[in-house]
Amino acid sequence: MVDKKLGGAGLRGQSAGETALCTVGKTGSGLTYRGYDIKDLAANAQFEEVAHLLLYGKLPNQTELTAYKARLKGMRGLPAPLKVVLENIPKDAHPMDVMRTGCSMLGNLETEQSDFSDQLDHMDRMLAVFPGLINYWYNFSHHGIRVEVETEADSIAEQFLWTLHNKKPEPLHVDVMHASLVLYAEHEFNASTFTGRVCASTLSDIHSVVTGAIGSLRGPLHGGANEAAMDMIENWQSADEAEANIMGMLERKEKIMGFGHAVYRESDPRNAIIKEWSNKLAEQVGDTRLYDVSERCEAVMWREKKLFCNADFFHASAYNFMGIPTKLFTPIFVCSRVAGWTAHAMEQRANNRIIRPSADYIGEDARDYVAIENR
Ligand SMILES: CC(=O)SCCNC(=O)CCNC(=O)[C@H](O)C(C)(C)COP(=O)(O)OP(=O)(O)OC[C@H]1O[C@@H](n2cnc3c(N)ncnc32)[C@H](O)[C@@H]1OP(=O)(O)O
Ligand SMILES: O=C([O-])CC(=O)C(=O)O
């Protein structure tokens, strides 16, 4: 990988701590979780295997996986007061705000012990409950339906689609969701994870850690890019129209969402994987527009700027082909990344020192206080 010229802005390139969870841009195809290459995990593992790897330190054997999935399945129910809160959030709310409020409310109802002795219970609970939480709100606010969240879904991947569409999803879509959740699960010291680690370093509770992380993920420069990419590509009826518009945006020095990365220099290893799934889904739905448009954007951005698709870009078309509303794209990221966030919180707690960097002062020199009547 080509070394990036590092500047101080955005703490780019500076180490802010240690982790045993993930490497970004260092070995293999460029992304590993506890030493396992993302390509192998995405091709072979269910999301629950990856969550177990991150939270419990090892890939589960079959008996452990079966037990873990059963444990998570038993944790899907929404407490009644949380349902009341969700039912009171308006239809036009941003779903990431719903996630943030839902997570925070859960922390009021099921507060973590201050000695963190029950931390894993809360971490698993969030993994289990988040898909139903967002889809309960979505279905209630948009369709007036109180969707059943304690479904027979076999996995978190299936649970998301089942509670969204209120019916058992087709197997291909479940496979795509597994891959997607695996791809999004963990990414070292990205902005949302770092937010969570800072919060964890104050010895705060796990719901505060995750609520803060959700807030950071919401922005279009981070998780919100998958929605922003969809809002962009859905306007274009053909690859040629996409190319003309991208060229115009580049000329006007606009950011193209879903491209570029703070660490990777030549490619994001997650892109090829989700792109392949998007291609499969395009064939399944008989798409002749969105996938071509996306591919052309990719080609033009590389040709003009040597900028590549990050994990978010082909997620947009893939989710769209599965009938997922654009506004729910980033909440899916939450349903996955909560595994990484909480694993990082545990790691921080296990070897903690409060995160408190310094700043270079660029303000006024010392001066005399001026009484209010003299200002
Ligand atoms: C899952 C994830 O969170 S992945 C990231 C999702 N975010 C996006 O897709 C948003 C669009 N991308 C971006 O804004 C950026 O590429 C980021 C935020 C991801 C990384 O930011 P940085 O590390 O500051 O980017 P980097 O230093 O590589 O930028 C180099 C140059 O390329 C430009 N550039 C980077 N990404 C883009 C883009 N998507 N569109 C247009 N220009 C871009 C920058 O403006 C910068 O130009 P400059 O030197 O003239 O200022
Ligand atoms: O690492 C980053 O800066 C952003 C990213 O790709 C992620 O969080 O998945």
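Placed above this text is the structure.
Here is what the cut-offs are and how they apply
- Throughout, residues of each chain are indexed from 1 in the direction in which the sequence is written.
- Each chain is given a letter, starting from A, and each ligand a number, starting from 1, according to the order in which they appear as written.
- For this predicted model, a pLDDT threshold of at least 70 governs which residues receive local features, and a threshold of 80 or more governs which side-chain atom pairs are given and counted, while totals over whole chains, interfaces and linings are taken from all residues.
- Each side-chain value is worked out from all heavy atoms of the structure, with water and hydrogens disregarded.
- Whether a residue is near a molecule or strand is decided by its heavy atoms; if any one of them lies within 4 Å of it, the residue is near.
- Here a polar contact means two N or O atoms within 3.5 Å. Within protein one must be a hydrogen donor candidate and the other an acceptor candidate, and residues neighboring in sequence count only if both atoms are side-chain atoms.
- Here, Shrake-Rupley sampling with a 1.4 Å probe gives the accessible areas, and only protein chains in the shown set may cover a residue.
- Basically, the charged four are Asp, Glu, Lys and Arg, the nonpolar ten are Ala, Val, Leu, Ile, Met, Phe, Trp, Tyr, Cys and Pro, and anything else, Gly included, counts as polar.
- An automatic or database domain assignment supplies the start and end points of every domain.
- A run of H or I in DSSP becomes a helix once it reaches four residues, and a run of E becomes a strand once it reaches two; helices and strands are each numbered from the N terminus.
- Exposure is judged per residue with a 1.4 Å probe applied to protein chains only, and the accessible area is read against the type maximum: over 50% gives exposed, under 20% gives buried, and values in between give partly exposed.
- Note on ring pairs: Phe, Tyr and Trp rings are taken, using the six-membered ring of Trp, and paired if centres are within 6.5 Å. Classes follow the plane angle, with under 30 degrees stacked, over 60 edge-to-face and the rest tilted.

What to know about the site of ligand 1
Neighbouring ligand 1 are 20 residues; H222, I256, G258, F259 and N310 lie closest to it. One of the backbone nitrogen or oxygen atoms of G258 is found 2.8 Å away from an oxygen atom of ligand 1. Within the side chain of R265, one N or O atom sits 3.3 Å away from an oxygen atom of ligand 1. Coverage of ligand 1 by the protein amounts to 66% of the 920 Å² it exposes when considered alone. Split into classes, the residues belonging to the shell around ligand 1 amount to nine nonpolar, five polar and six charged. Two domains share the shell around ligand 1, each providing at least three of its residues, namely domain 1 (22–221 + 331–350) and domain 2 (225–322).

Quick word on unusual backbone geometry
Across the chain, the bulk of peptide bonds are trans and the bulk of non-glycine residues have phi less than zero. Its identity as a non-glycine residue notwithstanding, L203 has a phi of 65°, on the positive side. Along the polypeptide, L203 turns up in the loop between α9 (191–201) and α10 (206–217). The backbone of K253 shows a phi angle near 60°, a positive value even though the residue is not glycine. Within the element layout of this structure, K253 appears in the loop between α12 (239–251) and α13 (269–285). Under the relative-accessibility criterion, K253 is labelled exposed at 72%.

A look at the packing of aromatic side chains
By the definition in use, this model includes eight aromatic pairs. Aromatic pair Y319 and F329: ring centres 5.1 Å apart, planes at 65°, arrangement edge-to-face. Here the residue Y319 occupies a position in helix α15 (residues 313–321), and F329 occupies one in helix α16 (residues 329–350), the gap between them amounting to 10 residues. What makes Y319 buried here is its relative accessible area of 0%.

A short note on the site of ligand 2
Taken together, H187, N190, H222, H261, R270 and R337 are the residues near ligand 2. The contact in question runs from an oxygen atom of ligand 2 to an N or O atom on the side chain of H261, over 2.7 Å. Here ligand 2, which alone exposes 270 Å², has 84% of that area covered by the protein. Among the residues making up the shell around ligand 2, the classes are represented as no nonpolar, four polar and two charged.

The values are spatial; any link to function lies outside them.
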